[in-house]
Every structure is written in structure tokens, then in C-alpha cells.
Amino acid sequence: RDMGLATKSPDQVRAMREAGLVVARTLALLRETIETGVTPRDLDAVAARTIAEAGASPSFLGYHGYPATICTSVNDVVVHGIPDDRQLRSGDVISIDCGAVVDGWHGDAAITVGVGVLAVPVARMVEACERSLAAGIAAMTPGSRLADIGSAVQDSVEASGHYGILTDFTGHGIGRAMHEPPFVPNYRTRRRGPRLEVGVVLAVEPMITLGSPEVSVEPDGWTVRTDDALPAAHVEHTVAVTADGPWVLTALDSPEPGR
């Protein structure tokens, strides 16, 4: 029998919302900052300042030795790219993953943004990834199964076109730690998994590629790059299951359902 998933109380979920809002505001500012000539390290500095000014601390800095406040994954880097001094150019696509801690509670989210004008296939891939995240979130209703999230993500991706879906990396539970059980796959699985109950909080994060889903981790131990050098997209939200539907804790325009 599957063990049930850990749940948070309504007050704990509201505390996580505070961390989620710091992440949401930081990502909104970074989205506005992205333009040709800006470097990922510039973006990291903006994120560090924004999180500090909010009275929060970054989830990622120092995590297993990670050296920066955000992850900046450009073009064929899918996730966990370390901010560097390369200048972004028109046509680049960049994924930014951001986490923040407020009063011991974590929020975690990611966006994928085009620099200047994206090639049409790349722009469509980003839109497909965003739609699949929305589909996964919509599956987070009381009584649904954990596997329903991954099925919804995969169905959405496949309805959008021929994209690779990463299977080596998944979403995760989140709360007092950035990564808590369970793993949240972005693909259909045979095991349906435990039921989603009110108070379950998960980070849902589809990662898709324009070509093959095969990836490799660089010697730095972090950077995950597509083997075929084609670009990728990654988006993420921290989401709570409530009696009135999913509450996206890392979205600016997401009021608490039912209140």
C-alpha cells in the first residue's frame, strides 16, 4: 500500500505563500531585466538583491555547494545552469529557476524566456512547456493521484507537438526543505501513487526539449545539457492542494481559492 503524502496546515500553506511571493516577484523582475547584452551573472545579482530586500534568503545558494542564487539555463542547457559572464543574444532562450526561504518555508519556481525574437519552433516549445505546467497544476485536486499530474503533463506536451520529455529529473514535494518526498514525474507512470489530499504542496516542473530527451550532466556536476545540442524549456510552480482547487503559491495573481 502506498504511504500517504505529508500535508501542511492552512496556516503553513499561507506561510509558504509568503516565500512563493518573493520568488514570483523576483522572477517577474528578472523577466523584465532579460535583454540582449545582459549576462546570467547580472541576473543572479538582481535576484540576490531582490530576495535580500524582501527579508528572505535564497534556497539554492550553498545547496550541496551550489555557487549562485538562481539557476540560469541557456539554449541547450535544460536545468541547473550556473550563472556566468556570457552576454545573452537575440534568439537565445533562457530558463531561470529561483527559490527563496521565508521563516523556514521554501518557494520554488522557474520561467523560460526568449531574448529578443525567438525562432518559431523554439517559441512554440516554450508555449508547450507552459501549457503542460498548467495541465499538471489543474490535475492537483483532492482525491486525484500523484500519477495524474505526470499523465496530464505528458498528454499536454504530446498534444502540442513532438518534444522530448526529461525522465531523469522531476518535480518534488516542498516545505521546510526545498526537496521533500515525493518525486513528481512529468510523464505517465504505471503506478498511480498516493492520493492528493488537502494540504499537499508540490513543485511541478516540466522540462522538455526540441529534440531528443537524452541529456548529460557537465563536469561541474550541475549543468544539464541536451546531448543533441538542441534547445530546451523548463517552467515550474509551487502548488498547494486545497478543497477549492489548486493554489499556485509562486504566481503573483493567484488568490487563495475559496477565500
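Residues numbered from 1 in each chain as written. Predicted model: local features only at pLDDT ≥ 70, side-chain atom pairs only at ≥ 80, totals over all residues. Heavy atoms only, no water.

Novice: Please set out the overall build of the protein residue by residue, giving values where relevant.
Specialist: The helix and strand tally for the protein stands at four helices and 15 strands. The C-alpha radius of gyration computed for the protein amounts to 17 Å, which stays within 12% of the reference 18 Å derived for 259 residues, consistent with globular compactness. Seen through its C-alpha atoms, the protein measures out along the principal axes to roughly 45 × 40 × 35 Å. Pairs at least 24 residues apart make up 69% of the contacts formed inside the protein by residues separated by at least 6 positions. Measuring between centres, the 21 positive side-chain charges of the protein sit 7 Å from its 33 negative side-chain charges. (Helix = DSSP H or I, 4+ residues; strand = E, 2+ residues; numbered from the N terminus. Rg over C-alpha atoms; globule rule 2.2 N^0.38 Å. Contact = heavy atoms within 4.5 Å. Lys, Arg positive; Asp, Glu negative; His and termini not counted. Charge placed at Lys NZ, Arg CZ, Asp CG, Glu CD.)

Novice: Residues and numbers for the nonpolar core, please.
Specialist: Met-140, Ile-149, Leu-196, Leu-202 and Ile-208 are the most contacted members of the largest nonpolar core, which has 31 residues in total. Secondary-structure elements contributing two or more residues to this core are helix 3 (120–138), helix 4 (146–160), strand 9 (201–204) and strand 14 (237–242). In this view, Leu-196 contacts Leu-5, Ala-139, Met-140, Thr-141, Pro-142, Gly-143, Ser-144, Arg-145, Leu-146, Ile-149, Leu-202 and Val-241; residues no more than four positions away in its chain are not counted. (Core = buried A, V, L, I, M, F, W, Y, C linked by side-chain atoms within 4.5 Å. Buried < 20%, exposed > 50% of the residue type's maximum accessible area, 1.4 Å probe, protein only.)

Novice: Tell me about the side chain of Thr-226, residues and numbers included.
Specialist: Along the polypeptide, Thr-226 turns up in strand 12 (residues 224–226). Taking the relative accessible area as the measure of exposure, Thr-226 reaches 5% and is therefore buried. A polar contact is formed between the side chain of Thr-226 and the backbone oxygen of Leu-230, at a distance of 2.7 Å. Discounting chain neighbours no more than four positions away, the residues touching Thr-226 are Asp-76, Val-78, Thr-209, Glu-214, Val-215 and Ala-232. (Polar contact = N/O pair within 3.5 Å; in protein donor to acceptor, adjacent residues only side chain to side chain.)

Novice: Describe the packing of helix 3 against helix 4, and please don't skip the residues or the numbers.
Specialist: In the contact formed by helix 3 and helix 4, the axes pass within 8 Å of each other and the chain directions differ by 150°. Looking at the two axes, helix 3 sits roughly antiparallel to helix 4. The hand of the helix 3/helix 4 crossing is right-handed. For the pair helix 3 and helix 4, the contacting residues are Ala-128, Arg-131, Ser-132, Ala-135 and Gly-136 in the first and Ile-149, Ala-152, Val-153, Ser-156, Val-157 and Ser-160 in the second. Here the contact of helix 3 with helix 4 is built from residues that sort into six nonpolar, four polar and one charged. (Axes fitted to C-alpha atoms, helices over the stretch in contact; angles between N-to-C directions. Parallel < 35°, antiparallel > 145°, perpendicular 65-115°, else oblique. Left-handed = near helix turned anticlockwise from the far one by under 90°. Nonpolar A, V, L, I, M, F, W, Y, C, P; charged D, E, K, R; others polar.)

Novice: Before we move on, can you summarise the sheet that holds strand 14 with the specific residues and values?
Specialist: Pairing in this open sheet of five strands is antiparallel, and the strands run 8-7-9-14-15 from one edge to the other. Of all strands in the sheet, those bounded by a partner on one side alone are strand 8 (180–184) and strand 15 (245–248). Strand-to-strand twist of the sheet, defined as the mean angle between neighbouring strand axes without regard to direction, takes the value 30°. Bridge count for strand 7 (residues 171–173) against strand 9 is two bridges, and the pairing is antiparallel. Paired with Gly-173 across the strands is Leu-202, a residue of strand 9. Taken strand by strand, helix 4 contacts strand 8 and strand 9, and its axis lies near 40° from that of strand 8. (Pairing = 2+ DSSP bridges.)

Novice: I'd like to hear about the pairing of strand 8, residue by residue, with values.
Specialist: As paired elements, strand 7 and strand 8 share three bridges and run antiparallel to each other. Each residue of the ladder has a partner; that of Gly-173, found in strand 8, is Glu-180. Connecting strand 7 to the antiparallel partner strand 8 that follows it, the hairpin turn spans six residues.

Novice: Outline the sheet that holds strand 10 (residues 207–209), supporting the account with residue identities and numerical values.
Specialist: The strand order across the open sheet built from three strands is 6-10-13, with neighbouring strands paired in antiparallel fashion. The sheet is open, and its two edges are formed by strand 6 (164–165) and strand 13 (232–234), each paired on a single side. Relative to strand 10, strand 6 is paired through two bridges, and the arrangement is antiparallel. Following the sheet pairing, Gly-164 is matched in strand 10 by Thr-209. Set on the sheet, helix 3 makes contact with strand 10 and strand 13; between it and strand 13 the angle comes to about 30°.

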